[in-house]
Amino acid sequence: MRIVLVGPPGAGKGTQATRLAETLHIPHISTGDLFRANISRQTELGKLAKSYMDAGNLVPDEVTIAMAKDRMEQPDAEGGFLLDGFPRNVSQAEALDELLETEDMKLDAVLDLEAPEDEVVKRIAGRRVCRNDSAHVFHVAYTPPKKEGVCDVCGGELYQRDDDSEETVRRRLEVYHTQTEPIIDYYKAQGLVVTIAATGPVAEVTRRALEALKRDQ
Ligand code: ADP
Ligand code: AMP
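All of these numbers come straight from a predicted model, not from anything done at the bench.

K.L.:
Break down the overall build of the chain for me, with residues and values.
P.N.:
A count of helices and strands for the chain gives nine helices and eight strands. The C-alpha atoms of the chain give 16 Å as radius of gyration, which agrees with the globular expectation for 217 residues (17 Å, within 12%). Along the first, second and third principal axes, the C-alpha atoms of the chain reach 45 × 40 × 35 Å. Out of the 217 residues in the chain, the part that is buried amounts to 47%. Put simply, of all contacts in the chain between residues at least 6 apart along the chain, 70% involve residues at least 24 apart. One way to put it: in the chain the 27 positive side-chain charges average out to a point 6 Å from where the 38 negative ones average out.

K.L.:
I'd like to hear about the site of ligand 1, residue by residue, with values.
P.N.:
Every one of the 18 residues lining ligand 1 counts as a neighbour, but Lys13, Thr15, Arg127, Phe138 and Gly200 are closest to it. Between an oxygen atom of ligand 1 and a main-chain N or O atom of Ala11, the distance comes to 3.3 Å. Residue Arg127 places a side-chain N or O atom 2.6 Å away from an oxygen atom belonging to ligand 1. When residues of the shell around ligand 1 are traced back to their parent elements, those giving at least two are helix 1 (13-24) and strand 6 (137-139). Looking at the shell around ligand 1, its residues break down into eight nonpolar, seven polar and three charged.

K.L.:
Before we move on, could you go through the site of ligand 2 and cite the residues and values that matter?
P.N.:
The immediate surroundings of ligand 2 are formed by 16 residues, with Thr31, Arg36, Asn57, Gly85 and Gln92 found nearest. Taking Asn57, its main chain carries an N or O atom lying 2.6 Å from an oxygen atom of ligand 2. Val59 is positioned such that a nitrogen or oxygen atom in its backbone is 3.0 Å from a nitrogen atom of ligand 2. For ligand 2, whose unbound accessible area comes to 480 Å², protein coverage reaches 96%. The greatest single-element share of the shell around ligand 2, amounting to four residues, is contributed by helix 2 (residues 31-40).

K.L.:
Report on the side chain of Asp163, specifying residues and quantitative values.
P.N.:
Mapping Asp163 onto the fold places it in the loop between strand 7 (158-159) and helix 7 (166-180). Here Arg161 takes part through its side chain, which lies 3.0 Å from a polar atom of the side chain of Asp163. Discounting residues that sit within four places of it in the chain, Asp163 has contacts with Met53, Thr168, Val169 and Arg172.

K.L.:
Tell me what's going on with the pairing of strand 4 (residues 109-114), and back it up with residues and numbers.
P.N.:
For strand 4, a buried count of five out of six residues is recorded, marking the element as mostly surrounded by other parts of the structure. Relative to strand 4, strand 1 (residues 2-6) is paired through four bridges, and the arrangement is parallel. From the neighbouring strand, Ile3 faces strand 4, where its bridge partner is Ala109. Taken together, the five bridges between strand 4 and strand 8 (residues 193-197) define a ladder with parallel strand orientation. Residue pairing for strand 8: Leu111 is matched across the bridge by Val194.

K.L.:
Let's hear about helix 2: which residues, and what values?
P.N.:
The set of residues buried in helix 2 consists of Thr31, Gly32, Asp33, Phe35, Arg36 and Asn38. Here the buried face of helix 2 lies against strand 2 (28-30), helix 3 (44-54), helix 4 (61-72), strand 3 (81-84) and strand 7. Gln42 occupies a position one or two residues after helix 2 and carries a positive phi of about 55 degrees.

K.L.:
So what's going on with a negative patch on the surface? Residues and values would help.
P.N.:
Together, Glu94, Glu98, Glu101 and Asp104 make up a negatively charged patch on the protein surface. Secondary-structure assignment places Glu101 in helix 5 (residues 90-102). The exposure class assigned to Glu101 is exposed, which follows from its relative accessible area of 63%.

Reading the values: the criteria
- Residues numbered from 1 in each chain as written.
- Chains lettered and ligands numbered in written order.
- Predicted model: local features only at pLDDT ≥ 70, side-chain atom pairs only at ≥ 80, totals over all residues.
- Heavy atoms only, no water.
- Helix = DSSP H or I, 4+ residues; strand = E, 2+ residues; numbered from the N terminus.
- Rg over C-alpha atoms; globule rule 2.2 N^0.38 Å.
- Buried < 20%, exposed > 50% of the residue type's maximum accessible area, 1.4 Å probe, protein only.
- Contact = heavy atoms within 4.5 Å.
- Lys, Arg positive; Asp, Glu negative; His and termini not counted.
- Charge placed at Lys NZ, Arg CZ, Asp CG, Glu CD.
- Near = heavy atom within 4 Å.
- Polar contact = N/O pair within 3.5 Å; in protein donor to acceptor, adjacent residues only side chain to side chain.
- Nonpolar A, V, L, I, M, F, W, Y, C, P; charged D, E, K, R; others polar.
- Areas by Shrake-Rupley, 256 points an atom, 1.4 Å probe, with all protein chains shown as cover.
- Pairing = 2+ DSSP bridges.
- Patch = residues over 30% accessible without salt bridge, like charges linked within 9 Å, V, L, I, M, F, W, Y side chains within 5 Å.
- Salt bridge = Lys/Arg side-chain N within 4 Å of Asp/Glu carboxyl O.

Here it is, written out as structure tokens:
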């Protein structure tokens with residue numbers, strides 16, 4: 001399956017993507033995680049991306065699309081993938097369509113995670129991610145690690161993302177509404193959007209997502 005996850009920052013895309021990717025046996029591709037891996041390896045791409053990310057803005061399309069394309073062309077993504085955080089505006093969605101078309105492929109669904117703004121703000125405020133891999137995500141109150149400050153998955157140190165500060169979150173929500181939300185209409189026109197409520201326990205949201213994807217087949 002080829003799936004795009006969409007939803008405001010903090011809706012739980014990364015959390016759900018990890019679980020859905022495992023169940024559906026497809027790789028979880030998060031452009032945010034790819035940028036953060038570049039930042040920790042101190043690559044040129046990482047240095048460029050960090051300035052945009054810290055301000056809560058989108059990284060320019062050209063580098064983002066090239067990075068996403070490169071990842072989607074890896075052998076493990078041949079049979080499908082779950083995109084998390086990409087596309088994030090209409091021109092990225094168009095670039096993805098072009099890429100899929102040249103490979104004679106199609107998206108199966110766009111899963112839209114809906115969550116109220118006050119809830120996503122609380123989720124982001126308590127989010128902690130692992131230094132080794134930012135796909136290992138916890139919340140100080142809602143999904144705490146077994147040992148404070150330590151990743152359950154790999155023992156890495158947990159930290160608060162620089163862009164999870166209150167001020168940057170406000171900007172990221174604004175960017176979501178103005179630049180990312182329009183892709184929902186773009187994909188609605190293709191009949192691909194399935195919307196679910198992303199509130200309630202993590203496992204319950206996963207169950208809802210799998211059910212919605214099954215119904216959509
Ligand atoms: P996104 O990738 O959409 O930005 P994350 O998956 O990183 O969102 O989740 C944001 C925060 O909310 C994390 O701290 C995560 O542990 C927490 N979280 C995710 N899903 C839920 C849920 N259903 N209930 C409570 N907290 C959640
Ligand atoms: P995320 O981990 O999805 O919350 O993304 C964190 C930040 O990485 C975003 O606020 C952007 O600055 C950047 N980013 C991630 N994905 C994209 C994308 N598809 N296009 C542009 N910027 C992105």
